[in-house]
Amino acid sequence: MDAQTLGWGIVGLGRIAGGEIAPAIAASASSTLVSVVSRDQGRAEAFARDHGAASALDDYAKMLADPAVGAVYIATPNALHAEQVIAAARAGKHVLCDKPLAVSVADAQRCVAECRSAGVRLGITFQTRQHDGMAEAAALVRDGAVGRVVAAEAQMGTGGRLPAGWRTDPALAGLGTLNNVGVHALDILRYLLGSEVAEVAAMADSEPGFAVDTTALVLLRFWNGTLAQVNANQAARYPRDDIVLYGSEGRVLWRNLSRPGRDGTLTFITRDGEREVRAASHQAYQRTIEGFADAVASGRDPSPSGEDGLRSVELTGAIADSIREHRVVPLAAH
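These figures come from a predicted structure and were not determined experimentally.

## Notes on the environment of Ile 323
Checked against the element boundaries, Ile 323 lands in helix H10 (residues 306-325). When the C-alpha atoms of Ile 323 and Ala 201 are compared, they prove to be 7.5 Å apart, with 122 residues separating the residues in sequence. Ile 323 has contacts with Leu 178, Ala 202, Met 203 and Ala 204, leaving out every residue within four places of it along the chain.

## Considering the sheet that holds strand S15 (residues 329-330)
Here we have nine strands laid out as an open sheet, ordered S14-S13-S12-S11-S7-S10-S9-S8-S15, and mixed in their pairing. Of all strands in the sheet, those bounded by a partner on one side alone are strand S14 (273-280) and S15. In this sheet, S14 lies alongside strand S13 (residues 263-270) in antiparallel orientation, the contact comprising eight bridges. When the bridges of S14 are listed, Ile 269 appears paired with Glu 274. Of the strands in this sheet, strand S7 (149-157), strand S11 (243-247), strand S12 (251-255), S13 and S14 are in contact with helix H6 (residues 134-143), which crosses S13 at around 15°. Running at roughly 55° to strand S8 (residues 197-205), H10 makes contact with S8, strand S9 (215-222) and S15 of the sheet.

## Notes on the environment of Ala 202
Structurally, Ala 202 is set in strand S8. Residue classification places Ala 202 among the buried positions, given a relative accessible area of 10%.

The rules we used
- Residues numbered from 1 in each chain as written.
- Predicted model: local features only at pLDDT ≥ 70, side-chain atom pairs only at ≥ 80, totals over all residues.
- Heavy atoms only, no water.
- Helix = DSSP H or I, 4+ residues; strand = E, 2+ residues; numbered from the N terminus.
- Contact = heavy atoms within 4.5 Å.
- Pairing = 2+ DSSP bridges.
- Axes fitted to C-alpha atoms, helices over the stretch in contact; angles between N-to-C directions.
- Buried < 20%, exposed > 50% of the residue type's maximum accessible area, 1.4 Å probe, protein only.

Below you can see the structure in the form of structure tokens.
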């Protein structure tokens, strides 16, 4: 393995790890898959064979002891993230954690503090930042090309694929659809607007038999004055997976592009005129892996960072409070 190549370990060998992350590591010139961990040794061995990992283990501690592993991707149930992030940091490993960073603000704060103390990089898989046009739009907003962003909308759905497995258990998942897809909408609005949320009001519903939310509607006021709404749902068979920023002097619209693996269109209306281009989100996970590896090599925090993960947990905590208490919930300024 080249000195510039980041050796990865994966813990939690589910759909995203096998369908997205391991292939993204394999496709990246700056990364290689070294080790995988599952509670089931046979499953670890099968995953290693399928994706070319050198080592298959049933013990996370053994993976963390491997000097060839420079970074860990954590894709276990949400409630396990915090302790696994902290263990990796204490072992000197950089960490890319699947969202959410933790299921409580206190645990998210611990993760950020431990990684900072250990001098390792902490990133979160909010891969929507890597969809076509996101960085350009964030720059346009920052430069005032669409004027003041008056309102924004983000819609994300799974096409009726309801939570399954551990994601239906509040003790392991925390929240349902909000933690499954809603957090991506919340993060991309923070990223595009360059602002934090000042207050939230939310309502949620659950399909019969579910102990977690399966549909959530969230209203947000950002500190920069933008009003926004998020529709995150796993119950609707035919969602509109769009994002739109309404500026005082322009608009940015992503059609069918709020979710990964999509083809759609991106429309810019700015002071310089209007243009529409084809856009996609197929490379989101590979760009996430490559961006994280580049951040590690450059000695800087990735985007999104552990701090972004903490802000997300703070926000979903406030949303949960709003749903439970039927009120507008303020958030502290950062």
